[in-house]
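Residues per chain are reported as follows:
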Amino acid sequence: IRVSDTDSDHAFALYSTGGGAMGGVWYSSNGGEDWGNVWPENVEEFDPMGSNTQGIYDLALGIHPGDPTKAFVGGVTFWSVGAQEQPEQIAIPATFGGCDICVHADIHEVTFSPGGDMYIGCDGGVYKSLDGGNTFFAANRGYNVTQFYGIAHGSEGFESLLLGDEEGSNEAPAIGGTQDNGTIL
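Everything numeric in this text was worked out from a predicted model, so none of it was measured. (Residues numbered from 1 in each chain as written. Predicted model: local features only at pLDDT ≥ 70, side-chain atom pairs only at ≥ 80, totals over all residues. Heavy atoms only, no water.)

Spatially, 4 strands are ordered 5-6-7-8 in an open sheet, and the strand pairing comes out antiparallel. Only two strands of the sheet have a single partner each, and these edge strands are strand 5 (60–63) and strand 8 (85–91). Averaged over all adjacent pairs, the angle separating strand axes in this sheet is 25°, with direction ignored. Bridge count for strand 6 (residues 70–74) against strand 7 (residues 78–82) is 5 bridges, and the pairing is antiparallel. Note on strand 7: the bridge partner recorded for alanine 71 is valine 81. (Pairing = 2+ DSSP bridges. Helix = DSSP H or I, 4+ residues; strand = E, 2+ residues; numbered from the N terminus. Axes fitted to C-alpha atoms, helices over the stretch in contact; angles between N-to-C directions.)

It is worth spelling out the pattern of salt bridges at this point. All chains considered together, the criterion is met by 2 salt bridges. Aspartate 117 serves as the salt-bridge partner of lysine 128, at 3.8 Å between the closest nitrogen and oxygen. Taken together, the positions of lysine 128 in strand 11 (residues 125–129) and aspartate 117 in the loop between strand 9 (107–112) and strand 10 (118–122) put the pair 11 residues apart, joining distant regions of the chain. Here lysine 128 and aspartate 117 have matching classes, each one buried. (Salt bridge = Lys/Arg side-chain N within 4 Å of Asp/Glu carboxyl O. Buried < 20%, exposed > 50% of the residue type's maximum accessible area, 1.4 Å probe, protein only.)

Attention shifts here to the environment of aspartate 123. With respect to the helices and strands, the residue aspartate 123 is situated in the loop between strand 10 and strand 11. Its relative accessible area of 14% is what places aspartate 123 among the buried residues. With 17 residues separating them in the primary sequence, aspartate 123 and aspartate 106 have C-alpha atoms 5.6 Å apart. Separated by 2.9 Å, the side chains of aspartate 123 and tyrosine 57 make a polar contact. At 2.7 Å, the side chain of aspartate 123 and the side chain of histidine 108 are in polar contact. (Polar contact = N/O pair within 3.5 Å; in protein donor to acceptor, adjacent residues only side chain to side chain.)

What follows deals with the packing of aromatic side chains. Enumeration over the complete set of coordinates arrives at 7 aromatic pairs. Judged by centre distance (6.0 Å) and plane angle (50°), the ring pair of phenylalanine 72 and phenylalanine 112 falls under tilted. Remark: phenylalanine 112 occurs in strand 9 and phenylalanine 72 occurs in strand 6; sequence separation between them is 40 residues. Grouping residues by exposure puts phenylalanine 72 and phenylalanine 112 together as buried. (Phe/Tyr/Trp six-rings, centres within 6.5 Å; stacked < 30°, edge-to-face > 60°.)

Dropping the structure here:
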């Protein structure tokens, strides 16, 4: 549940099912006394969790400070929805230079500065929007992220592993499988 920072009568509630699928979004304009469903569950075309049901991993909700009837929803992809506005995907889950409609996948946080700038925290670091979610840019300033799912190491040195050197070196090799970055030796 997120309550508007600028008008506490307005609030949105978002949830995912126990299996990680989109559970829906509700809106209240009277401080939570009454709620209306503004984004139903089980609509495949409007599912920010995608087919991989990641709602238990990445689920974010933010309310536009200049319009408390509008919310931003992050999952695998980034969307907006409003009290009188159907869900709309506003960014594609990609990362490449010059793309102003890209926000890296797996969104965990949506927040706003006092001046209204939007910050999106995701697996790709931090993205920022200066225009209420119309365009985005990576605001990482050289921040590099590598998330490992598994790591293995050996007792033999790199030289014996790679060059067939029987004596080897004092360094033991390590290899890891990463999120979005392949395998690193």
